[in-house]
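Observations on chain architecture
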Amino acid sequence: MIVPQDDEETPLLQRPEQPTTKTPLPWDRFWIILLLEMPSFLSSQTLAPFIPQLIRDIGVTHGDESQVGYYVGILQSSCYAAHMLTIFHWSRLSDHIGRKPVMLTALLAIIVSMFSFGLSKTFLGLLVSRVFCGAFDSSDGVLETLVMDTTDVTNMPEAYGYIPIPWMIGNTVGPLIGGSLSRPADRFPDIFGRSELLKTYPYLLPCSISAFFISIAWLITYFRLKESVSTRTPLWELIKGGFFRQSYQKLHQPSSNVDPGEVQSKPLPLHALLTSKVLRVTTSYATTNLLYIAFASVLPVFYATPIELGGLSLDPPRIGALLAAQGVTHGIFQLLFNARLHDRFGAGAIHITGVSSGIPIVILFPVINALARAYGVGMAVWLCVAVQLALTTSLVMCYPCMSLFVRAAAPNRASFGATNGIALVAVTVASIIAPASAASVFSYSLQEGHDAWSIYYFLMTITFLAVGTALLLPRDPSVWEDSQ
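Values in this document were obtained by computation on a predicted structure and should not be read as measured data. (Residues numbered from 1 in each chain as written. Predicted model: local features only at pLDDT ≥ 70, side-chain atom pairs only at ≥ 80, totals over all residues. Heavy atoms only, no water.)

Attention shifts here to the overall build of the protein. Helix and strand counts for the protein stand at 25 helices and 0 strands. Looking at the 484 residues of the protein, the share that counts as buried comes to 56%. The contacts of the protein with a sequence gap of at least 6 include a subset with a gap of at least 24, amounting to 83%. When the accessible surface of the protein is summed, it comes to about 20700 Å², and 65% of that surface belongs to carbon and sulfur atoms. (Helix = DSSP H or I, 4+ residues; strand = E, 2+ residues; numbered from the N terminus. Buried < 20%, exposed > 50% of the residue type's maximum accessible area, 1.4 Å probe, protein only. Contact = heavy atoms within 4.5 Å. Areas by Shrake-Rupley, 256 points an atom, 1.4 Å probe, with all protein chains shown as cover.)

Set out below in structure tokens:
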């Protein structure tokens, strides 16, 4: 057998030879994976349009408009903080007990947290519901691993061409639900004006509708999803064997005289997963997510902030419509062009282009506000908003690329879940830092006597950091593809 050339000796711009025959996608399982990509996006995007107004309603800012972004950032970061502490364990657990039970737990957590969020009347209640969701919702890690389980190097780019469909639906329907159905008793008095429940809990309706759709996904998962882990260990045996304690003991006690075939067919301990490839992918993945989450956190707050303070003075329905349009654009573009661009340029080139698009995206923030101050919210402003949202399509396309690199970096097929979990821990750390820091810097920039451009300097610094780490990766993940 010819040993593949080491990635350190492969030129960055040299395309590795690709297999000529593509494996067909297993649609009997893949359609369920596509469905399950939707709940996480649907739930988070349902909340996004009305969270700034909800923060104002509960009175935690005491009327200080500059503090709205700060509390929005706390809510987002709390969810990611809980997620960071649990995602590796959930991902590694799925390598042992299977993907299905972990996925069912994640969907149930989203449902419970949505009802809890809609029924909360205090900032503490909102915080607890987001922490609960973050701790138990491991759907992002499990779904990425499910895609790795059901595809190979020939058809994985094609699979990620379809995955934007549920992303598009979740990112489109979610903002429409949250933006149009929040405070229904005020907006639709003829229909909901007599409901004391909706007057008391004005954000329960959009949360309940989102939770209802996710409940349907839970039922489909329970009855139709086929387990992709061939060798599973009962949960009780793992508990008796000290599952979490054992994993860290193995870090310092590597086993000897192990059959290579057995190693390839079983999940590896943590120390065997921390290879150079995994660490490089993890670093680039984390900085890319830091950039995207920072931008996504600032965007709705920028839209909701008064023009005189540096924003655009838009109400929740308009914010929801813009975020929905953004989701549609992302989904259609990836569906039509993701596989073609991957075949033509490679995942590395697409990734570098995506993070580089952060430069014009950031520049457009002050341009949009300057135009709004000078001419009002007219055609010029909407044109710049459209260009900015269109540019984010390139940034979103980085995520399928990173999944391809994570799959290629995994030491063996049985450790897809744990390898992906390592990457997601770093990604989640970035997700914690990004909204809290971006929202805080945005609030700081609004305060009198402070530099209004502080937030743009901050976002531009993150952009250059993401570009730098992207250069650590080869042009195509197949350079790293090891025989499983």
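Let's shift gears to the packing of helix α9 (residues 164-181) against helix α13 (residues 204-224). Their axes nearest at 8 Å, the elements α9 and α13 cross at an angle of 155°. Looking at the two axes, α9 sits roughly antiparallel to α13. Taken as a pair, α9 and α13 cross one another with a handedness that is right-handed. Contacts from Ile 177, Gly 178 and Leu 181 in α9 reach Leu 205, Pro 206 and Ile 209 in α13. Split into classes, the residues belonging to the contact of α9 with α13 amount to 5 nonpolar, 1 polar and no charged. (Axes fitted to C-alpha atoms, helices over the stretch in contact; angles between N-to-C directions. Parallel < 35°, antiparallel > 145°, perpendicular 65-115°, else oblique. Left-handed = near helix turned anticlockwise from the far one by under 90°. Nonpolar A, V, L, I, M, F, W, Y, C, P; charged D, E, K, R; others polar.)

On to the nonpolar core, then. Counting residues in each nonpolar core, the largest one holds 128 residues, and the members touching the most others are Phe 117 and Tyr 303. Contact partners of Phe 117, with chain neighbours within four places excluded, come to Leu 47, Phe 50, Ile 51, Leu 54, Leu 75, Leu 126, Ser 129, Arg 130 and Cys 207. (Core = buried A, V, L, I, M, F, W, Y, C linked by side-chain atoms within 4.5 Å.)

Let us look at the packing of aromatic side chains. Counting across every chain of the model gives 19 aromatic pairs. Taking 5.0 Å as the distance between ring centres and 35° as the angle between the ring planes, the aromatic pair formed by Phe 132 and Phe 136 counts as tilted. Of the two residues, Phe 132 and Phe 136 both sit in helix α6 (residues 123-136), 4 residues apart, roughly one turn of that helix. Between Tyr 285 and Tyr 399, the ring centres sit 6.4 Å apart and the planes meet at 65°, which makes this aromatic pair edge-to-face. Of this pair, Tyr 285 sits in helix α18 (residues 276-304) while Tyr 399 sits in helix α23 (residues 398-409), and the two are 114 residues apart along the sequence. A relative accessible area of 2% means that Tyr 285 is categorised as buried. An aromatic cluster is built from Phe 295, Phe 302, Tyr 303, Phe 365, Trp 453 and Tyr 456, whose rings are joined through pairwise contacts. Positioned over the ring face of Tyr 222 is Lys 100, at 5.9 Å from the centre of the ring. Between the NZ or CZ atom of Arg 344 and the centre of the ring of Phe 345, over which it lies, the distance is 4.9 Å. (Phe/Tyr/Trp six-rings, centres within 6.5 Å; stacked < 30°, edge-to-face > 60°. Lys NZ or Arg CZ within 6 Å of the ring centre and 35° of its normal.)

Positive phi, normally seen in glycine, also occurs at His 62, with a value near 55°. Here Ser 313, not a glycine, exhibits a phi torsion of approximately 60°, which is positive. Tracing the backbone shows Ser 313 in the loop between α18 and α19 (316-345).

Taken together, the side chains of Ile 332, Phe 333, Leu 335, Leu 336 and Phe 337 define a hydrophobic patch exposed on the protein surface, amounting to about 400 Å² of accessible area. Position of Ile 332 relative to the elements: it lies in helix α19. (Patch = residues over 30% accessible without salt bridge, like charges linked within 9 Å, V, L, I, M, F, W, Y side chains within 5 Å. Salt bridge = Lys/Arg side-chain N within 4 Å of Asp/Glu carboxyl O.)

The next subject is the side chain of Thr 392. Along the chain, Thr 392 turns up in helix α22 (residues 379-396). For Thr 392, the residues in contact, after removing those within four places along its chain, are Phe 295, Gln 326, His 330 and Ile 361.

All right, on to the side chain of Asp 137 then. You can see Asp 137 is positioned in the loop between α6 and α7 (139-150). Although Asp 137 lies buried, it forms no salt bridge, and the closest oppositely charged side chain, Arg 130, sits 7.2 Å away as judged by the N-O distance. Of the polar contacts made by the side chain of Asp 137, one reaches the side chain of Ser 139; its length is 2.7 Å. Setting aside its immediate chain neighbours within four residues, Asp 137 contacts Ser 40, His 83, Ala 106, Ala 109 and Ile 110. (Lys, Arg positive; Asp, Glu negative; His and termini not counted. Polar contact = N/O pair within 3.5 Å; in protein donor to acceptor, adjacent residues only side chain to side chain.)

A few words on the environment of Ile 220. Relative to the assigned elements, Ile 220 resides in helix α13. A relative accessible area of 23% places Ile 220 in the partly exposed class. Separated by 184 residues in sequence, Ile 220 and Leu 36 have C-alpha atoms that sit 9.3 Å apart.

The subject of this paragraph is the pattern of salt bridges. Counted according to the given criterion, the structure contains 6 salt bridges. Asp 57 is the salt-bridge partner of Arg 183, the closest N and O atoms lying 2.8 Å from each other. Separated by 126 residues along the polypeptide, Arg 183 in the loop between α9 and α10 (184-187) and Asp 57 in helix α3 (residues 51-58) bring together distant segments of the chain. Judged by its relative accessible area of 36%, Asp 57 falls in the partly exposed class. Residues Lys 199 and Glu 196 are paired through a salt bridge, measuring 4.0 Å at the closest nitrogen-oxygen approach. Residue Lys 199 and its partner Glu 196 are both found in helix α12 (residues 196-200); the two are separated by 3 residues, about one turn of the helix. On the basis of relative accessible area, Lys 199 is assigned to the partly exposed category, the value being 44%. Through salt bridges that share partners, Asp 57, Arg 183 and Asp 186 make up one connected network.

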